[in-house]
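# Chain and residue survey
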Amino acid sequence: MDWNRRNIMLSGGALAAGAIGLPAGAAGALPAAAAGRKLGYAVVGLGGYGLGIIVPQFANCRNSKLVALVSGDAAKARKVAADYGVPERNLYDYRNFDSIRDNPEIDIVYICLPVSMHAEYTIRAARAGKHVLCEKPMALSSAECASMIAACRQAGRKLMIGYRCHFEPTNLEAVRRARAGEIGKLRYFRSEHGFTFNNPNAWRLKKAMSGGGSLMDIGIYALNAARTMTGEEPVAVYAQETTDRSDPRFREVEDLIGFQLEFPSGVVGSCMSMYSANQNHILLVGDKGRIEMEPATAYRGNRLWVGSGRGEEVVPAPGPGATQWAGQLDHLAQCILQDKEPIVAGEEGLRDMRIIEAIYRSAREQKRIALQA
Ligand code: NAD
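The residue numbers shown here count from 1 along each chain, following its written sequence. Reporting of local features is limited, given that this is a predicted model, to residues whose pLDDT is at least 70; pairs of side-chain atoms are given and counted only at 80 or more, and all residues count toward the totals for whole chains, interfaces and linings. No hydrogens and no water enter the side-chain calculation; it runs on all heavy atoms of the structure.

## Remarks on the pairing of strand S10 (residues 268-274)
As paired strands, strand S7 (residues 186-196) and S10 are joined by seven bridges and run parallel to one another. Note that in S10 the partner of Glu192 across the bridge is Met272. Here strand S9 (residues 256-262) runs beside S10; their pairing, made up of six bridges, is antiparallel. For Glu262, the partnering residue across the bridge sits in S10 and is Val268. For two strands to be treated as a pair, DSSP must find no fewer than two bridges joining them. Every helix listed is a DSSP run of H or I at least four residues long, and every strand listed is a run of E at least two residues long, numbered separately from the N terminus.

What follows is the structure in structure tokens.
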């Protein structure tokens, strides 16, 4: 199976810890006046994810529409606008971005930029009076995450993080079955997430832009899934990093980092993150059986087995959207229309970021790090 980043996997996330369940506000549950309403999104950053994945997804949405683009490349923006029916008056660049405040067609700004730009654009969007959907990882540091949450709160706007797997049917089904006790008492969680990174010039390998290596980008899915699928918050982490620093790709950021998560119930999470091998797997082992997903957090083609092995494949019921991305885009729109908090609000990104910081510290200091409740 071809597991390269472009074709299937990329970051996936899992469902929000403490907020497990189906996203609030499926369109059918919206008040009649709001049911057919579509809120306008401005997509910021027309790169691999923004243009390649998100922009085409508005065709699958019930409560979201693409109304504006923000890009540093005017010719590209004009072409994308023509392809997707975005009016030229709604094209912005990074310098005139703040003038979105004067555009009532834009309700939500979706930030698909390198991590180092997430905090700045979230805060500028909130100050322009817009709600924000920001890609994962939320920011370079927990301090930045806190400032993004504060800016949105101060502006009275909602902030959601792009943990798309919280809207993905296979992940939702795995959580539902774990919660229903189908594998008995959970004993351990295991996940490996990685892909082979081949572009040595990419921003993801520059620490100032990415904040870190594989853990920030892809290992975050193992971490978020561990919290979501156990339904618990870890009380301590222990991590070990193994990176060949003579490899030109890994001069600034880590390749392989393994981390153990201790949960209050005694469940152990064992996770591996890497930029030098393709792997996308989640396993939950209980005293009565196992739940396994492989690939677990891919763009498509995720598979799930529940029972004693891989004998019985489970085909999940449809998720909350036509696709995981439509589910995600519509969820924020529906939360705004109903004044509800998104199931993966900024606080969820902040929780992951605090644990990521502890994982890096544990690897650096080679010791177990207790986490604050
Ligand atoms: P990318 O490099 O393909 O695109 C980044 C975009 O930002 C480009 O359009 C680029 O022109 C623009 N940009 C603006 N200023 C820039 C600068 N100074 N340096 C570099 N680029 C600049 O990256 P991507 O893969 O689209 O990732 C964007 C965000 O989306 C990241 O936060 C990433 O983690 C996230 N992402 C999420 C998923 C997911 O499944 N949820 C998948 C891929 C990427």
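## A look at the pattern of salt bridges
When a carboxyl oxygen of Asp or Glu is within 4 Å of a side-chain nitrogen of Lys or Arg, the pair counts as a salt bridge. With the rule as written, the count across this model stands at 28 salt bridges. Arg368 is paired through a salt bridge with Glu262; the nearest N and O atoms lie 2.9 Å apart. On the criterion of sequence distance, the pair formed by Arg368 in the loop between helix H10 (346-365) and strand S15 (369-370) and Glu262 in strand S9 is long-range, its members being 106 residues apart. Between buried and exposed lies partly exposed: a residue is buried under 20% and exposed over 50% of the maximum accessible area for its type, with that area taken using a 1.4 Å probe on protein chains only. Judged by its relative accessible area of 46%, Arg368 falls in the partly exposed class. One salt bridge in this structure joins Arg290 and Glu292, with 2.4 Å as the shortest N-O distance. Exposure remark for Arg290: the relative accessible area of 25% places this residue in the partly exposed category. Residues participating in the shared-partner salt-bridge network are Arg227, Glu233, Glu348, Arg351 and Asp352.

## Some details on helix H9 (residues 324-338)
What a helix should span is 1.5 Å times the count of its residues minus one. Spanning 15 residues, H9 covers 21 Å between terminal C-alpha atoms, matching the ideal 21 Å at 1.5 Å per step. Extensive coverage of H9 is indicated by the burial of 15 of its 15 residues. Downstream of H9 by a residue or two, Asp339 has a phi angle that is positive, lying close to 50°.

## Some thoughts on the environment of Glu135
Note that Glu135 resides in the loop between strand S5 (131-134) and helix H5 (142-155). On a C-alpha basis, the gap between Glu135 and Glu357 in space is 18 Å, while along the polypeptide they are 222 residues apart. There is a polar contact of 2.5 Å between the side chain of Glu135 and the side chain of Tyr110. For the purposes of these results, a polar contact is taken to be a pair of N or O atoms within 3.5 Å, where, inside protein, one atom must be able to donate a hydrogen and its partner to accept one; residues adjacent in sequence count only when each atom of the pair is a side-chain atom.

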